[in-house]
Every structure is written in structure tokens, then in C-alpha cells.
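This is what each chain is made of:
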Amino acid sequence: GAAELKDYGGSSKASVGVLLRDMVALEQQGALAFFGEPELDIRDLLQIERDGRGLVTVLELQDAQDKPALFSTFVMWMMARLYHELPEVGDVERPKLVFFFDEAHLLFDGASKAFLEQVQQVVRLVRSKGVGIFFVTQSPKDIPADVLGQLGHRVQHALRAFTPDDDKALKAAARTFPKTDFYDVEETLTTLGTGEALVTVLSPSGVPTAPLATRLIPPATRMGPLTDAELQQRIGASAQVRKYRQAVDRESAEEKLAARA
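Residues numbered from 1 in each chain as written. Predicted model: local features only at pLDDT ≥ 70, side-chain atom pairs only at ≥ 80, totals over all residues. Heavy atoms only, no water.

## What about the overall build of the protein chain?
For the record, the criterion: Starting at the N terminus, helices and strands are each numbered in turn, a helix being any DSSP run of H or I of at least four residues and a strand any DSSP run of E of at least two. Classification of residues uses two cut-offs on accessible area relative to the type maximum, computed with a 1.4 Å probe and protein chains only: under 20% is buried, over 50% is exposed, and between them is partly exposed. Here, Shrake-Rupley sampling with a 1.4 Å probe gives the accessible areas, and only protein chains in the shown set may cover a residue. Positive: Lys, Arg. Negative: Asp, Glu. His and the chain ends are not part of the count. The location of each charge is read from NZ of Lys, CZ of Arg, CG of Asp or CD of Glu.
In terms of regular secondary structure, the protein chain is built from 12 helices and five strands. Projected onto its principal axes, the C-alpha positions of the protein chain cover 80 × 50 × 40 Å. Buried residues in the protein chain amount to 25% of all 261 residues. For the protein chain, the exposed surface amounts to about 18,500 Å²; the carbon and sulfur share of it is 55%. Within the protein chain, the 37 negative side-chain charges are centred at a point lying 3 Å from the centre of the 30 positive side-chain charges.

Here's what the structure looks like:
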């Protein structure tokens, strides 16, 4: 209805059609359940244990690779909430919150320009809010150049060159490391073994350090997924799961207007 659109800033039928198609696409990927109530409370990500230790929150999205639009929309919403709600704390010794985005290429596959701009802005400015962000992926080329340029620390495991494209990616990755006279970075990247990585971090003055080949010590725990019984036990003991398990279906404006009519 053209008449109805007059009350919404003169939006054209074409613009409304584009919005509706995008909303339908998100709805088909499960957005109604994902963005329903109770809404994710950002403060739940900042909880600590009674003894002062940090708390690891795992958001498990097994089928996220099949719903890239939903996943990237949620991440953009969460990053924006963190950026706007958390207070400025400056350059703290330890961050209050650190995100690890595994399979990070899923975030950027087919991502819109608005999403990339939002991620770039958050990565650049959220450090002063006491938040750290790590993108975990197979190759540096999986991360857009503008986002990659905002990152400070880098842990690069071995890269292999089996195809011409792999060789091109290896040379590009080697060139992005700080210069060093001690390593042939390109050769080192191909000879790293299991548990080894080439690491560069920001110095106290904000200058990237020379890369160093490092053997990483794995955590003293089982390196594998939980069994079904273990997972159910953890879920049953989680206060956060209990908080978000029961969906809230509030009376909508549409229902109130229909009842009044």
C-alpha cells in the first residue's frame, strides 16, 4: 500500500521490498527464535567466579556455516551492544572480556559492506573498552584486509604451499610480518611443526615486535569434545542455560490493537 508508506518518511515500494526480502531471509534461518526473548544480556559475558577467576562462555552454533546471514547479523548486533554499553577503561593490563571467533571466515563470507565497516570500527575502538578480539581461521586471506590491518597480535601456525594459489597466499602472509634478520619468514612458516607458531605482539609502546618461532604449551586438559553425558551435565548445572532456556512470549502491539478493535 502506497498510502501506508506515506507515514514512514516516503519510503518507496522498492525499498520496503528489499527490507522485507532481507527480513524473510533472516526469518528462514531462525532469526525469530535467535533474537527472541529473553534477550542476551551482555553482562552475562562479563561474569567471574567467586574466587575471581574468569568464566568461559561457549556459544555453540553447530549449523552456523549453513546460516551465515544469521550468524553475522548476531555478531554485528553483539559487537555494537558491547561498543555502546561498556564504559571506557583505557589501556588496561588485562582485558575484561576476550572473544575468540573460531572458523572466522564464516563471518565474512558474503558479508555486506555495512557489516565489514561495523566490525572494522569495533575492532579498532573496542580495545579502550577492555575487550579483546581474536579471529581464528585457516589462512590470513580469510580475513578482509581492512579488518586484518586493525589487529595487534598474531599467532601464525604452519602454512603449506601445495598449489600455486597456496604459494601466493604464503608469500603474501610472509610479507605482512614485521621485518626480522633472524628468520626467513616464508621458509619458517612452511617448516613449523605441531604446536609451533610464529608469534608477533604489540610492545608496550604499541610497536609490533619482531616475529618469534614459539612452541605453544597446550592446556593441561583433554583436547577433545565433551561426550553427550558430560555436555548434558554441564548444561544442567549452568545458570545461564536456565536463564535463557524458557522463551518469553510477550503480548505484541499487534495483539493489543487486535483486541482493542
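## What about the sheet that holds strand β3 (residues 154-156)?
Applied cut-off: Here, strands pair whenever DSSP counts at least two bridges between them. Here an axis means a line fitted to C-alpha atoms, over the contact stretch when the element is a helix, while the angle between two N-to-C directions is reported on a 0 to 180 degree scale.
The three strands are arranged β3-β4-β5 in an open sheet whose pairing can be described as antiparallel. Each end of this open sheet is capped by a strand with a single partner; those strands are β3 and β5 (212-215). Averaged over all neighbouring strand pairs, the angle between strand axes comes to 35 degrees, with direction disregarded. In the sheet, β3 pairs with strand β4 (residues 196-200) via three bridges, with the strands oriented antiparallel. Looking at the pairing, R154 lines up with T200 of β4.

## Digging into the nonpolar core
For clarity, the threshold we go by: Buried Ala, Val, Leu, Ile, Met, Phe, Trp, Tyr and Cys residues form a nonpolar core when they are joined through side-chain atoms within 4.5 Å. Residue contacts are counted whenever heavy atoms from the two residues lie within 4.5 Å of one another.
Counting residues in each nonpolar core, the largest one holds 26 residues, and the members touching the most others are M78, M79, F99, F101, I133 and F135. Within the residue set of this core, elements represented by two or more residues are α4 (68-85), β1 (97-101), α5 (105-108), α6 (113-125) and β2 (131-135). With seven residues, the single largest contributor to this core is α4. In this structure F135 touches F101, A104, L107, F108, V119, V123, I143, V147 and L151, once residues within four positions along its chain are discounted.

## A closer look at a negative patch on the surface
Worth spelling out the cut-off: Patches in this entry comprise residues that are over 30% relatively accessible and not in a salt bridge; like charges within 9 Å are linked, as are nonpolar side chains (Val, Leu, Ile, Met, Phe, Trp, Tyr) within 5 Å. Here a salt bridge means any side-chain nitrogen of Lys or Arg lying within 4 Å of a carboxyl oxygen belonging to Asp or Glu.
On the surface, a cluster of negative charge is contributed by D249, E251, E254 and E255. Counting through the fold element by element, E251 comes out in the loop between α11 (239-245) and α12 (253-260). Residue classification places E251 among the exposed residues on the basis of a relative accessible area of 52%.

## Overview of unusual backbone geometry
The backbone phi angle of E103 is positive, close to 50 degrees, even though this residue is not glycine. For E103, the location among the structural elements is in the loop between β1 and α5.

## Quick word on the environment of R260
Residue placement: R260 occurs in helix α12. Residues R260 and A104, 156 residues apart in the sequence, show an inter-C-alpha distance of 48 Å.

## Some details on a nonpolar patch on the surface
A contiguous nonpolar surface patch, about 330 Å² in accessible area, is contributed by V98, F100, F134 and V136. Relative to the helices and strands, V98 resides in strand β1. Since its relative accessible area comes to 32%, V98 is described here as partly exposed.

## Points about the environment of A161
Assignment of secondary structure puts A161 in the loop between β3 and α8 (164-175). Taking the C-alpha atoms as reference points, A161 and T190, separated by 29 residues in sequence, lie 7.7 Å from one another. If we skip the residues at most four places from it in the chain, A161 touches D166, D167 and L170.

## Here's the deal with the packing of aromatic side chains
Inclusion rule: Any two of the Phe, Tyr and Trp rings considered here, Trp counted by its six-membered ring, make a pair once their centres fall within 6.5 Å; the pair's planes then place it as stacked at under 30 degrees, edge-to-face at over 60, or tilted in between.
A full pass over the atoms with the stated rule returns four aromatic pairs. Taken together, F99, F101 and F135 form an aromatic cluster joined through their ring pairs.

## Quick notes on the pairing of β1
Judged by which residues are buried, β1 turns out to be one-sided: L97, F99 and F101 face inward and are buried, whereas V98 and F100, on the alternate face, are not. As paired elements, β1 and β2 share five bridges and run parallel to each other. Each residue of the ladder has a partner; that of F101, found in β2, is F135.

## Examining the pattern of salt bridges
Counting across every chain of the model gives nine salt bridges. Salt-bridge contacts for K243 lead to D41; the nearest nitrogen and oxygen are separated by 3.9 Å. In this pair, K243 is assigned in helix α11 and D41 in the loop between α3 (31-34) and α4, connecting sequence segments 202 residues apart. A relative accessible area of 39% places K243 in the partly exposed class. A salt bridge links E88 to K129; the nearest nitrogen and oxygen atoms lie 3.9 Å apart.

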